[in-house]
Amino acid sequence: MKAGSGVLRVLLAVFAAAAAPPAPAEVYRCVVGGVTQFSDRPCQAGDAPLAVPQANVMPADRAAAPLAEQHDRRVQAGREARDAEDAAWRQDHEARTAEAERLRAARVRGEVVRGMSAADVRRLLGTPTKIDSDRDARGLRERWSYADSGAGRVTVTLRDGVVSDVRRSRRK
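Figured I'd write up the structure that's included with this text.

Reading the values: rules and limits
- Residues numbered from 1 in each chain as written.
- Predicted model: local features only at pLDDT ≥ 70, side-chain atom pairs only at ≥ 80, totals over all residues.
- Heavy atoms only, no water.
- Helix = DSSP H or I, 4+ residues; strand = E, 2+ residues; numbered from the N terminus.
- Buried < 20%, exposed > 50% of the residue type's maximum accessible area, 1.4 Å probe, protein only.
- Contact = heavy atoms within 4.5 Å.
- Areas by Shrake-Rupley, 256 points an atom, 1.4 Å probe, with all protein chains shown as cover.
- Core = buried A, V, L, I, M, F, W, Y, C linked by side-chain atoms within 4.5 Å.
- Pairing = 2+ DSSP bridges.
- Axes fitted to C-alpha atoms, helices over the stretch in contact; angles between N-to-C directions.

1. Let's talk about the overall build of the protein chain
Consideration 1: In terms of regular secondary structure, the protein chain is built from three helices and six strands.
Consideration 2: Starting at the N terminus and walking to the C terminus, you meet the elements of the protein chain as α-β-β-α-α-β-β-β-β.
Consideration 3: When each of the 172 residues of the protein chain is scored for burial, the buried share is 13%.
Consideration 4: For the protein chain, the proportion of contacts with a sequence separation of at least 24, taken over those separated by at least 6, is 17%.
Consideration 5: Per element, the accessible surface of the protein chain, about 13,800 Å² overall, is 56% carbon and sulfur.

2. As for the nonpolar core
Consideration 1: Ranked by size, the top nonpolar core spans 13 residues in total, and within it M116, V121, W144, V156 and V163 carry the most contacts.
Consideration 2: Elements with a contribution of two residues or more to this core: α2 (64–109), α3 (118–125), β4 (139–148) and β5 (152–159).
Consideration 3: Residue contributions to this core peak at three residues, all from β5.
Consideration 4: Contact partners of W144, with chain neighbours within four places excluded, come to A118, V121, R122, P128, K130, I131, V154, T155, V156 and L158.

3. What about the sheet that holds β5?
Consideration 1: With respect to topology, four strands assemble into an open sheet ordered β3-β4-β5-β6, the strand pairing being antiparallel. On the outer flanks of this sheet lie β3 (130–136) and β6 (162–170), each paired with one strand and no other. Strand-to-strand, the axes of this sheet are offset by a mean angle of 15 degrees, without reference to chain direction.
Consideration 2: Note that β3 and β4 share seven bridges and pair antiparallel. In the strand pairing of β4, D136 is matched with G139.
Consideration 3: Contacts between α3 and the sheet are confined to β3, β4, β5 and β6, with β4 contributing the most and set at about 10 degrees to the helix.

4. As for the pairing of β5
Consideration 1: Of all eight residues that make up β5, six are buried, and the element is covered over most of its length.
Consideration 2: Relative to β5, β4 runs antiparallel, the two sharing eight bridges. Counterpart to D148 in the pairing with β5 is G152.
Consideration 3: For β5 and β6, the ladder comprises eight bridges, and the chain directions are antiparallel. When the bridges of β6 are listed, R153 appears paired with S169.
Consideration 4: Hairpin connection from β5 to β6: two residues lie between these consecutive antiparallel strands, with D160 at a positive phi of about 50 degrees.

Here it is in structure tokens:
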């Protein structure tokens, strides 16, 4: 039975050592050739270890859970806001691209359409035969008249230099 009790003592010693908190390791600072080095052994006989403060170890507890949840909610709200901004930008970009393509196609066809600039109208139709202008609360309004080669007249209305209306009238 003595052999069995020896094994039991060894097992108890192992369990006791495992359950005990770890002893802090000693740290020594040495300067070798002008370079500072740290070691777990003394550099010279009689060197004293550095005073190393205990590490702050916080056990996980339930008080940290609400903070983590708050953080997760803030991160999710940030993602949702960024996604909404991205979607709005994409929608605006697609609308601007479609409008630019509509104006480009009209220029290619040689047609004056709403949204074109005054310079576009001059490039397509030339110098107007008559220009009427007035200013109201919304800004400058001009009416450019052209004699249409198809036996009619074209009147282009511009609001602050941008086409707001195009009318074609046929001669009777």
